Amino acid sequence: MTQQQHLLDLKELRVDRGGVTVLDIPSFSLCQNEFISLIGPNGAGKSTLLLSLLGLMKHETGTVTYRGAAVASPAQWLDLRRRTAMVLQDPLLFDSTVFDNVASGLKLRGVGRTEIKSRVATYLERFNLAHMAQRSARKLSGGEARRVSLARAFAVDPEVIFFDEPFANLDPPTRQALTEDMDRIIRDRGIAAILVTHDQSEALRMSQRIVVMNAGRIVQQGTPAAVMNHPVNEFVANFVGMETILEGEVANNRHQQLTVRVAGGEIDTVGDDAPGTQVYCCIRPENVTVTVGHPENKSSARNHFEGRIVEIAAMGPFLKLRLDCGFPLTAYVTRESFTELALYEGKEIHASFKATSVHLLPRRAV
Amino acid sequence: MDVILEGFSKAFQLLASLDREVLGIALLSLKVSGLATLFSLVIGLSVGTLVALTSFPGKKILVSVVNTGMGLPPVVVGLFVSIMLWRNGPLGYLELLYTPTAIVIAQTVIATPIVMGVTIGAMQNLPANLRLQILALGATRVQMVWMLIKEARLPLMAGVMAGFGGVISEVGASIMVGGNVRGYTRVLTTATVMETGRGNFDMAIALSVILLLFCFAVNYILTYIQQRERPR
């Protein structure tokens, strides 16, 4: 991150509403080609942060610099907004045709008519809207309206793009398709992006950095694996869930029996990814079996690791174990098992899980 | 019964033969009320937009005053404009009383709060984030206001229609500041009042039919506009 060029920097941002500080960000930055996911509960200040980055939010203190130059005067803010794009939660289309909607950002910039035609055509094509260019925006379905709002944002050829939960209220297949379209364009054009999302797997799949916010503050930020596996406090742990997330690379694919190389070991799983694919291995703690001593009987679990208990935490009727097997792993055990196995922090154990219980997610190369 | 039947048949003769006097009255009505509507559009739209898009202390009171003004009784406006234009009134030196201009002024005063009130309502009914989305798209302030007006154009047109419908059918102010001078300030409503008073029902009915046609046209357009919907 440090060797990368900073694109957008925010310093000392404070936003008050009715005498209460709703946003307090000492420092935040976005690098060239970087994709950041902002996650956190409702009211954490994620949208407010996005709007502040474009000067669209009244704030008490705060400075924004873009490519090292301060953004302060109205003309400078306008210039920044004309190099960026924002997709809000509602499509917010204009009462005209699909074509006019996609062209609107270009018209505001005074782009010539022929240039507008060709650029709009490109993005209507990419978002599969070409056949409805002359249709009224009033007659679109939710998914179509969403695609128009994405095409409108990308048509201005932004250097940075902000998404505020752009896929809320869409059915999973539509969501999946749109995410893939969006991801492809962002990579092709080398656009930096910030995505506000509630969807864990969306954040994992697309981002190089995850920023967790709560009550107007940034609680933690880092690579997806760092945030998921090493939450800095109880809040982050509860919010991101307890899954183990390991960065890996597919080493081998024999008839969809995959071997994934992760730091500190190799994991057997199933899937159809080609060798060399960058992936996340997600392992749910309820799928990890802990035994003491080497198991005598063969089991169907393909993955066996020797490890050590690092930390034990009570979670109601069961206990959460943080294990070190050369890589971090989280497991749940019931209180009965815990007593029977006589577990304690530092004890050597044996952990196993089935190849089919490993969930693979594609990962953006950093 | 005879009075009515005879009235109708004579009225349609007047209309069919394009009677000069009837036509002149109708045209003057259109001209005066059209001009008043145009002026109220200019004032109401600009001030209404400004009020809707800014926040300042006393805004709620101002909006309430404007909304009250939407139902201003024409006779009160007529009285007020008469006083202002009276020979030794504050604007008496303009010598405008009992001229078509005086009617335009009075009708502008009646229609402006209607257009302004509808403008404020229409602007505030746009999605709250639309302004942010337009600015994020790279709009200047002026471009943003223009785009918002374009987005609110349907309810704004409804407001203009309501204003026009209000002033063309208004009689109190027109008669007070216009004086119903034949061939000069006689409009559809004032003429109808006079002809009815004289018992000239055929003429009164002919004038009323024209007035009704205008009102129907206005309401037809209104209905058409109101049945369209906003995009997502």
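Residues numbered from 1 in each chain as written. Chains lettered and ligands numbered in written order. Predicted model: local features only at pLDDT ≥ 70, side-chain atom pairs only at ≥ 80, totals over all residues. Heavy atoms only, no water.

## Thoughts on the interface of chain B and chain A
The test is simple: Every residue pair with non-hydrogen atoms within 4.5 Å of one another is taken to be in contact. When a carboxyl oxygen of Asp or Glu is within 4 Å of a side-chain nitrogen of Lys or Arg, the pair counts as a salt bridge. As used in this structure description, the phrase polar contact means that two N or O atoms lie within 3.5 Å; if the pair is within protein, one of them must be able to donate a hydrogen and the other to accept it, and residues adjacent in sequence are counted only when both atoms belong to side chains.
Facing 22 residues of chain B, the contacting portion of chain A comprises 25 residues. Applying the counting criterion to the chain B and chain A interface returns one salt bridge. Note that Arg 153 of chain B and Asp 95 of chain A form a salt bridge whose closest N and O atoms lie 3.9 Å from each other. Taken together, the connections running from chain B to chain A amount to seven residue pairs in polar contact (both at pLDDT 80 or more).

## Considerations on the UniProt feature "domain: ABC transporter" (unreviewed entry) in chain A
Quick note on the threshold: UniProt positions are given in the numbering used here, feature names are shortened, and annotations may be inferred rather than shown by experiment. Only DSSP runs of H or I covering at least 4 residues are called helices, and only runs of E covering at least 2 are called strands; the numbering of each starts at the N terminus.
The positions that UniProt labels "domain: ABC transporter" (unreviewed entry) are, in the present scheme, residues 8–240 of chain A. Summarising residues 8–240 of chain A: 41% helix, 27% strand, and an end-to-end C-alpha distance of 26 Å.

## Thoughts on the nonpolar core
Residues and elements named next belong to chain A. The criterion, for reference: Here the nonpolar core consists of buried residues drawn from Ala, Val, Leu, Ile, Met, Phe, Trp, Tyr and Cys, with membership extended through side-chain atoms lying within 4.5 Å. When a residue's accessible area, from a 1.4 Å probe over protein chains only, is under 20% of the maximum for its type it is buried; when over 50% it is exposed; and in between it is partly exposed.
Phe 162 and Ile 194 are the most contacted members of the largest nonpolar core, which totals 59 residues. Ile 194 has contacts with Phe 28, Leu 30, Ile 36, Leu 38, Leu 50, Leu 53, Ile 161, Phe 162 and Phe 163, leaving out every residue within four places of it along the chain. Core analysis: the second largest hydrophobic core is formed by 39 residues, Val 98, Val 102, Leu 106 and Val 120 among them.

## Observations concerning the domain arrangement of chain A
Residues and elements named next belong to chain A. Short version of the rule: For every domain, the bounds stem from an assignment made automatically or drawn from a database. Joining two parts hides part of their accessible area as seen by a 1.4 Å probe, and the buried area is that hidden amount summed over both.
We note that the domain assignment places domain 1 (6–240) and domain 2 (244–362) within chain A. A separation of 36 Å is found between the C-alpha centroids of domain 1 and domain 2. Counting from both sides, the interface comprises 10 residues of domain 1 and, opposite them, nine residues of domain 2. Buried surface at the junction of domain 1 and domain 2, summed over both partners, amounts to about 790 Å²; 64% is from carbon and sulfur atoms. Interface area lost by domain 1 to domain 2 is led by Leu 204, Arg 205 and Asn 229, which between them contribute 56%.

## Quick word on the UniProt feature "transmembrane region" (unreviewed entry) in chain B
All names here are of chain B. As annotated by UniProt and renumbered to match this structure, "transmembrane region" (unreviewed entry) occupies residues 32–53, 65–86, 98–123, 154–177 and 203–222. Helix makes up 88% of residues 154–177 and strand 0%, whereas the separation of the span's terminal C-alpha atoms amounts to 33 Å. In residues 203–222, helix accounts for 100% and strand for 0%; the two terminal C-alpha atoms are 29 Å from one another.

## Here's the deal with the packing of aromatic side chains
All names here are of chain A. For clarity, the threshold we go by: When the centres of two rings from Phe, Tyr and Trp lie within 6.5 Å, Trp using its six-membered ring, the rings pair. Their planes under 30 degrees apart give stacked, over 60 give edge-to-face, and anything left gives tilted.
For the coordinates displayed, the defined rule picks out eight aromatic pairs over all chains. The interplanar angle of 25 degrees and the centroid separation of 5.9 Å between the aromatic rings of Phe 127 and Phe 154 together place this pair among those described as stacked. Placement of the pair is Phe 127 in the loop between helix H4 (113–126) and helix H5 (142–155) and Phe 154 in helix H5, with a sequence separation of 27 residues. By the burial criterion, Phe 127 is buried, and Phe 154 matches it.

## Some details on the UniProt feature "domain: Mop" (unreviewed entry) in chain A
With numbering aligned to this structure, UniProt lists the feature "domain: Mop" (unreviewed entry) at residues 298–362 of chain A. Taken end to end, residues 298–362 of chain A has its terminal C-alpha atoms 32 Å apart, with 9% of it in helix and 58% in strand.

## Section: the pairing of strand S6 (residues 84–87) of chain A
Residue and element names in this part refer to chain A. The cut-off we apply is this: By this definition, two strands are paired if DSSP reports at least two bridges between them.
Residues Thr 84 and Met 86 of S6 are buried on one face, and the alternating residues Ala 85 and Val 87, pointing to the opposite face, are buried as well. In the sheet, S6 pairs with strand S7 (residues 160–164) via four bridges, with the strands oriented parallel. The residue bridging Ala 85 from the neighbouring strand is Ile 161, located in S7.

## What about the state of the cysteines?
Rule in force here: Count a disulfide wherever a pair of cysteine sulfur atoms falls within 2.5 Å.
Inspection of the entire model under this criterion finds zero disulfides over all chains. No disulfide involves Cys 281 of chain A; its sulfur sits 7.4 Å from that of Cys 282 of chain A, the nearest cysteine.

## Describing a nonpolar patch on the surface
All names here are of chain B. Stated precisely, the cut-off is as follows: Note that patches include only residues with greater than 30% relative accessible area and no salt bridge, and the join distances are 9 Å for like charges and 5 Å for nonpolar side chains (Val, Leu, Ile, Met, Phe, Trp, Tyr). Residue-level accessible areas treat just the shown protein chains as cover; the underlying method is Shrake-Rupley with a 1.4 Å probe.
Taken together, the side chains of Leu 35, Leu 38, Phe 39, Val 42, Ile 43 and Val 47 present a nonpolar region at the surface, about 490 Å² in accessible area. Turning to its location among the elements, Val 47 is positioned in helix H2 (residues 20–53). What makes Val 47 partly exposed here is its relative accessible area of 34%.

## Some thoughts on the UniProt feature "domain: ABC transmembrane type-1" (unreviewed entry) in chain B
UniProt records the feature "domain: ABC transmembrane type-1" (unreviewed entry) for residues 26–222 of chain B in the present numbering. Measuring from the first to the last C-alpha atom of residues 26–222 of chain B gives 22 Å, for a span that is 77% helix and 0% strand.

## Comments concerning empty space enclosed by the protein
All names here are of chain B. Threshold: In this analysis, the protein atoms alone were mapped onto a 1 Å grid. Cavities are point sets where a 1.4 Å probe fits without being able to get out; pockets are open sets with protein on both sides within 12 Å along at least five of seven lines; lining residues have an atom within 4 Å of a point. Grid points are joined across faces, edges and corners, and a volume is the space filled by probe spheres set on the points. Residues were grouped as follows: Ala, Val, Leu, Ile, Met, Phe, Trp, Tyr, Cys and Pro as nonpolar; Asp, Glu, Lys and Arg as charged; and all remaining residues, including Gly, as polar.
Applying the stated criterion to the full structure yields one cavity of 30 Å³ or more. Here the largest cavity is characterised by a volume of approximately 40 Å³. As for the largest cavity, its lining consists of Ser 29, Val 32, Ser 33, Gln 107, Val 167, Ile 168, Glu 170, Ser 174, Val 187 and Thr 189. Sorting the residues of the lining of the largest cavity by element identifies H2 and helix H8 (153–168) as the ones contributing at least two each. In the lining of the largest cavity, the residues fall into four nonpolar, five polar and one charged.

## Re the sheet that holds strand S14 (residues 278–283) of chain A
Residues and elements named next belong to chain A. This is how the line gets drawn: Lines fitted to C-alpha atoms define the axes here, with helix axes fitted over just the stretch in contact, and angles between the N-to-C directions of these axes take values from 0 to 180 degrees.
Taken in spatial order, the five strands make up an open sheet running S13-S12-S11-S14-S20, and their pairing is antiparallel. Only two strands of the sheet have a single neighbouring strand rather than two, namely strand S13 (265–270) and strand S20 (358–362). For this sheet the average axis-to-axis angle between neighbouring strands, irrespective of direction, equals 40 degrees. As defined by bridge partners, S14 adjoins S20 across five bridges and the pair is classed as antiparallel. Across the sheet, residue Ile 283 finds its bridge partner in S20, namely Val 358.

## Examining the environment of Asn 200 of chain B
Its place among the elements puts Asn 200 of chain B in the loop between helix H10 (188–198) and helix H11 (201–226). As a C-alpha pair, Asn 200 of chain B and Val 115 of chain B span 85 residues in sequence and 36 Å in three-dimensional space.

## Describing the sheet that holds strand S16 (residues 303–315) of chain A
Residue and element names in this part refer to chain A. Judged by pairing direction, the sheet is antiparallel, and its five strands sit side by side in the order S15-S19-S16-S17-S18 without closing on themselves. The open sheet has two edge strands, strand S15 (289–291) and strand S18 (328–334), and neither has a second partner. Sheet twist, expressed as the average angle between the axes of neighbouring strands with direction ignored, equals 45 degrees. Pairing analysis gives seven bridges linking strand S17 (residues 318–324) to S18, with the strands arranged antiparallel. From the neighbouring strand, Phe 318 faces S18, where its bridge partner is Thr 334.

## Concerning the pattern of salt bridges
Residues and elements named next belong to chain A. Overall, the coordinates contain 25 salt bridges over all chains when judged by the stated rule. Of the charged contacts in the structure, one is a salt bridge between Asp 16 and Arg 14, with a shortest N-O distance of 2.6 Å. Linking Glu 34 and Arg 209 is a salt bridge whose minimum nitrogen-to-oxygen distance equals 2.8 Å. Placement of Glu 34 in the loop between strand S2 (20–31) and strand S3 (35–39) and of Arg 209 in strand S9 (residues 209–214) is noted, with a sequence separation of 175 residues between them. A relative accessible area of 4% means that Arg 209 is categorised as buried. If you follow the salt bridges from partner to partner, you end up with Arg 67, Asp 79, Arg 83 and Glu 159 in one network.

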